[in-house]
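Structural description and commentary
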Amino acid sequence: MGYHTFDAERAAKLERAGQRYRFVSAEELLWALSLSPDDTVADLGSGTGFFTDDVAPHAGTVHAVDVQEAMHEYYREKGVPANVELVTSDVSDLPFADAALEAAFATMTYHEFASDDALAEIRRVLAPDGRLVVVDWAATGTGADGPPVDERYSAAEATAALRDAGFAIDHEAVRPETFLLIATLE
């Protein structure tokens, strides 16, 4: 696992739509994922399910993956859509069969799990034409929001790690505080 995980006691902060959508909108995430209605998707570091809820109406099944059971408890209290399955797991040890997912996404969590093992595991569970979308805090940001700057990756570092893991980068966007990468299996 990368650095620290988000404190589950502060989970309610993750539900502030104005703040969350400031850095990535539902529309941008859905565009990047380019889903079909029957796709199986994993939200890697789903937390309270904020972005999982945006993706669920556009997919067949969404696995909300989080290492903290406390985040799943929060999500259960909030209400989990019928096509969402809660999965308590580290990204480096996903409980899915090989090629089980058409897509996976990580919104503001890549810095928490970034490792060779996690990227290899994501590669294993993605279908041959699978897509990985990463939106995370940029090392070039100010650090006013999100984790401290020294816990972040640059888009170039994340791109290099994904390429080393066997992904092709189809799209890269660097914004003032965040970056967005769309990767597919090579």
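In case you missed it, the structure is sitting above this.
Residues numbered from 1 in each chain as written. Predicted model: local features only at pLDDT ≥ 70, side-chain atom pairs only at ≥ 80, totals over all residues. Heavy atoms only, no water.

**A few points about the sheet that holds strand S3 (residues 84-88)**
In plain terms, the rule: Pairing between strands is defined by DSSP: at least two bridges between the two strands are required. Helix and strand definitions follow DSSP, with helices as H or I runs of at least four residues and strands as E runs of at least two, each counted in order from the N terminus. Where helices are involved, their axes are fitted lines through C-alpha atoms of the stretch in contact, as for all axes, and angles between N-to-C directions lie from 0 to 180°. Should any heavy atoms of two residues lie within 4.5 Å, those residues are considered in contact.
Overall, mixed pairing links the 7 strands, which are arranged S3-S2-S1-S4-S5-S7-S6 in an open sheet. The open sheet has two edge strands, S3 and strand S6 (167-174), and neither has a second partner. Direction aside, neighbouring strands of the sheet carry axes that sit 15° apart on average. In the packing of helix H4 (residues 69-78) onto the sheet, contacts are made with strand S2 (61-66) and S3, and the angle to S3 comes to roughly 155°. Docked against the sheet, helix H6 (residues 116-125) engages strand S1 (40-44), strand S4 (101-107), strand S5 (126-137), S6 and strand S7 (178-185), running at close to 140° with respect to S5.

**Comments concerning H6**
What counts is decided by this rule: A simple rule labels every residue: compare its accessible area, found with a 1.4 Å probe on the protein chains alone, to the largest value its type can have, and call it buried under 20%, exposed over 50%, or partly exposed in between. The arc in question is traced by the directions running from the helix axis to the C-beta atoms.
Every buried residue of H6 is listed here: Ala118, Leu119, Glu121, Ile122 and Val125. In a view along the axis of H6, the buried residues occupy a sector of 160°, so they form one face of it. Those residues of H6 that are exposed and aimed more than 90 degrees away from the buried face are Asp116 and Asp117. Where H6 is buried, its residues contact S1, S4, helix H5 (110-113), S5, helix H7 (155-164) and S6.

**Some points on the pattern of salt bridges**
Selection rule: Each salt bridge in this description consists of a side-chain nitrogen of Lys or Arg and a carboxyl oxygen of Asp or Glu lying within 4 Å of one another.
On inspection of all chains with the given rule, the structure shows 7 salt bridges. As a salt-bridge pair, Asp145 and Arg22 come within 3.5 Å of each other at their nearest N and O atoms. Remark: Arg22 occurs in helix H1 (residues 17-23) and Asp145 occurs in the loop between S5 and H7; sequence separation between them is 123 residues. For Glu177, the salt bridge identified is with Arg152, shortest N-O distance 3.5 Å. With Glu177 in the loop between S6 and S7 and Arg152 in the loop between S5 and H7, the pair connects residues that are 25 residues apart, well separated along the chain. In the salt-bridge network here, residues are joined through shared partners; they are Asp98, Glu121 and Arg124.

**Looking at helix H2 (residues 26-33)**
Count 3.6 residues to each turn of an α-helix, and residues three or four apart come out pointing the same way. Within H2, the full set of buried residues consists of Ala26, Leu29, Ala32 and Leu33. Viewed end-on, H2 has its buried residues packed into an arc of 130°, placing them on one side of the element.

**Some remarks on the packing of aromatic side chains**
The criterion, for reference: Centres within 6.5 Å make a pair out of two Phe, Tyr or Trp rings, where for Trp the six-membered ring is used; the pair is then stacked when the planes are under 30 degrees apart, edge-to-face when over 60, and tilted otherwise.
Counted under the stated rule, the structure contains 6 aromatic pairs. Arranged with centres 5.7 Å apart and planes meeting at 75°, the rings of Tyr110 and Phe113 form a pair that is edge-to-face. Of the two residues, Tyr110 and Phe113 are both situated in helix H5; the distance of 3 residues between them amounts to about one turn of the helix. Assessed through its relative accessible area of 2%, Tyr110 is described here as buried. Taking the centre distance of 5.4 Å and the plane angle of 70° together, the rings of Tyr110 and Tyr153 count as edge-to-face. With a gap of 43 residues between them, Tyr110 in helix H5 and Tyr153 in the loop between S5 and H7 connect regions that are remote in the sequence. Joined through ring pairs, the aromatic side chains of Tyr21, Phe50 and Phe51 make up one cluster.

**Description of the nonpolar core**
The cut-off we apply is this: What makes a nonpolar core is a set of buried Ala, Val, Leu, Ile, Met, Phe, Trp, Tyr and Cys residues whose side-chain atoms join them at distances within 4.5 Å.
Ranked by internal contacts, the top residues of the largest apolar core, which has 31 residues, are Leu44, Ile122, Leu132 and Phe167. Those elements that provide at least two residues to this core are S1, S4, H5, H6, S5, H7, S6 and S7. If near-sequence neighbours (up to four positions away) are discounted, Leu44 is found in contact with Val65, Val91, Leu94, Ala104, Phe105, Ala106, Thr109, Phe113, Ile122 and Leu132. With 24 residues, the next largest nonpolar core counts Phe50, Met108, Val133 and Leu180 among its residues.

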